[in-house]
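As a plain string of letters, each chain reads:
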Amino acid sequence: MGGTSAHPRELRRLRVGAHPRGNPRHCWCPAHRLTGRDVAETGLGDGGEREECLRGLAREEPAPGLIAYRDGEPAGWVGMGPRDTVPRLARSRVIRRVDDVPVWSVFCLVVRSAFRRQGVTGRLLDGAEEYAAAHGAPCLEAYPVEPRDGGG
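Residues numbered from 1 in each chain as written. Predicted model: local features only at pLDDT ≥ 70, side-chain atom pairs only at ≥ 80, totals over all residues. Heavy atoms only, no water.

Time to look at the confidence of the model for the protein chain. Considering every residue of the protein chain, the mean pLDDT works out to 76; 69% of them sit at 70 or more. Looking at the elements of the protein chain, mean pLDDT is at its lowest for strand β1 (residues 2-5), recorded as 53, and at its highest for helix α6 (residues 120-134), recorded as 92. (pLDDT = per-residue confidence, 0-100. Helix = DSSP H or I, 4+ residues; strand = E, 2+ residues; numbered from the N terminus.)

If you want it as structure tokens, here you go:
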């Protein structure tokens, strides 16, 4: 399985892989990276703005996430970045900062259903750790959530 950072040329493949029905209201991870005011002003979610927002982020360094591939097919996505660049985390009262270490955060992880239970999640997290370290992150944090049905 290979992977790549989410540069704009790769996001078209992510759309096909992660959002096969092409629903523009699917997440695309921008809401975590914007303030509530930014979300309201951009009107995210009503016609492709989320994808366009992520494309804009993908033109910058560091990339907003990584795409995992299996046999040339997009298999999954991990959204991540320096915690201080993620307003919803930086100001969170639920997920509070525990110290002053400038950590990176994993705040989104999606594996396409056809690729689940094949090690994609582990590879995405390994790739996120490697990418963050290569960009100077002293550590990486994540916030696992137990699925409501207990499965996963």
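Turning to the environment of R123, a few remarks are in order. Tracing the sequence through the fold places R123 in helix α6. Judged by relative accessible area, R123 falls into the partly exposed class, the value being 39%. The spatial distance from the C-alpha of R123 to the C-alpha of A68 is 7.7 Å, given a sequence separation of 55 residues. (Buried < 20%, exposed > 50% of the residue type's maximum accessible area, 1.4 Å probe, protein only.)

Right, let's get into the nonpolar core. Burial of nonpolar side chains together is a common tendency in soluble globular proteins. Core analysis: the biggest nonpolar cluster contains 16 residues, and V78, M80, W104, V120, L124 and Y131 have the highest contact counts within it. Residue assignment for this core shows that the elements contributing at least two residues are β2 (65-70), β3 (73-82), β4 (104-111) and α6. For this core, the element with the most residues is α6, which contributes five residues. Beyond its immediate sequence surroundings of up to four residues, M80 is in contact with R33, A63, P64, G65, L66, W104, S105, V106, F107, A128 and Y131. L54, W77, V86 and F107 belong to the second largest nonpolar core, which has eight residues in total. (Core = buried A, V, L, I, M, F, W, Y, C linked by side-chain atoms within 4.5 Å. Contact = heavy atoms within 4.5 Å.)

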